[in-house]
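# Structure at a glance
Here is what each chain is made of, one letter per residue.
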Amino acid sequence: MPAPAISRPRCPVCLRPQRACICAWVRPTEHVVELLLLQHPLEVDQAKGSARLLHLSLPHSRMLVCESLPDAALLSGPWSRAAPRHTVLLYPDTPEDAALGLLPAPALDPAALQDPAQIRLVVLDGTWRKSRKMLYQSPALQQLPRLGLRDVPASRYRIRKAHRPDQLSTLEATCQALAQLEGDAERYRPLLDAFDGFVAQQLAYRPD
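These lines cover the structure that appears in this document, whether it is placed above or below.

Time to look at the sheet that holds strand 3 (residues 86–90). If you walk across this open sheet you meet the five strands as 2-1-4-3-5, and the pairing is parallel. Of all the strands in the sheet, just strand 2 (61–65) and strand 5 (146–147) have a single pairing partner and so form its edges. The pairing of strand 3 with strand 5 spans two bridges and is parallel. Within the sheet, the bridge partner assigned to Leu-90 lies in strand 5 and is Leu-147. Sheet strands in contact with helix 3 (residues 128–136) are strand 1 (34–39), strand 3, strand 4 (119–125) and strand 5, and its direction is about 125° off that of strand 4. Here helix 5 (residues 170–182) sits on the sheet and contacts strand 1, strand 3, strand 4 and strand 5; the angle it forms with strand 4, its principal contact strand, is near 160°.

Shown next, in the form of structure tokens:
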């Protein structure tokens, strides 16, 4: 009989193995825009993933593991405060949208972005291919207006291969989007600095 697999003790907060706990890098950051993180199931056990750290650092965030959105009410229903009037998806418009049969995303009304407290930002956590599949399988997400990032900085995410310097981790992209919507980039600098420590921790686990 094969020996039973030994489960490693996990941190009850970050859900990582205790020896790889990332709680030291959590930076509670007050934010105005609500955040809904939809994480692809194959990202849950990715040690390099940044979504959990992001969620633990942002008090007005929710995180759901799914390949397709289970309930459209998640996009606009009330949380601890009144429901936001505007929900937007952090996702670029791409030439492949029509070829993939995606519904045309409605235009983003600039007037809807004037009050950050009325906005809920939806972020897909996964590789480009995984996020495309999540979008394809969720018509309710396709019907959201999309937010594109402006003045994207070079990524600090040295633990995953990127095809371009402006391809960001989930944490970096979300901080950039929140700063853009709220007009306050300095608010997220401590979290991004802590992210550097998280990246260094992951790099330390790699063999030379």
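Moving on from the model shown.
There is about 410 Å³ of room inside the second largest pocket. Forming the boundary of the second largest pocket are 23 residues, of which Leu-15, Arg-16, Val-44, Asp-45 and Gln-46 lie nearest the centre. Secondary-structure elements contributing two or more residues to the lining of the second largest pocket are helix 1 (51–57) and strand 2. The element contributing the most residues to the lining of the second largest pocket is strand 2, with three residues. Split into classes, the residues belonging to the lining of the second largest pocket amount to eleven nonpolar, five polar and seven charged.

It is worth spelling out helix 5 at this point. The end-to-end C-alpha distance of helix 5, which contains 13 residues, comes to 18 Å, matching closely the 18 Å that a straight helix rising 1.5 Å per residue would cover. Most of helix 5 sits inside the fold, with 13 of its 13 residues counted as buried. At the C-terminal side of helix 5, Gly-183 shows a positive phi close to 65°.

Considering all chains together, one arrives at three aromatic pairs under this definition. Judged by centre distance (5.3 Å) and plane angle (15°), the rings of Tyr-91 and Trp-128 are stacked. Of this pair, Tyr-91 sits in the loop between strand 3 and helix 2 (96–99) while Trp-128 sits in helix 3, and the two are 37 residues apart along the sequence. In this structure Tyr-91 comes out as buried when scored by relative accessible area, which is 5%. One residue, Arg-120, lies across the ring of Trp-79, its end atom 4.0 Å from the ring centre.

Here is what the cut-offs are and how they apply
- Residues numbered from 1 in each chain as written.
- Predicted model: local features only at pLDDT ≥ 70, side-chain atom pairs only at ≥ 80, totals over all residues.
- Heavy atoms only, no water.
- Pairing = 2+ DSSP bridges.
- Helix = DSSP H or I, 4+ residues; strand = E, 2+ residues; numbered from the N terminus.
- Contact = heavy atoms within 4.5 Å.
- Axes fitted to C-alpha atoms, helices over the stretch in contact; angles between N-to-C directions.
- 1 Å grid on protein atoms, 1.4 Å probe; cavity = no way out; pocket = protein on both sides within 12 Å on 5 of 7 lines; lining within 4 Å.
- Points joined across faces, edges and corners; volume = space filled by probe spheres on them.
- Nonpolar A, V, L, I, M, F, W, Y, C, P; charged D, E, K, R; others polar.
- Expected span 1.5 Å × (residues − 1).
- Buried < 20%, exposed > 50% of the residue type's maximum accessible area, 1.4 Å probe, protein only.
- Phe/Tyr/Trp six-rings, centres within 6.5 Å; stacked < 30°, edge-to-face > 60°.
- Lys NZ or Arg CZ within 6 Å of the ring centre and 35° of its normal.

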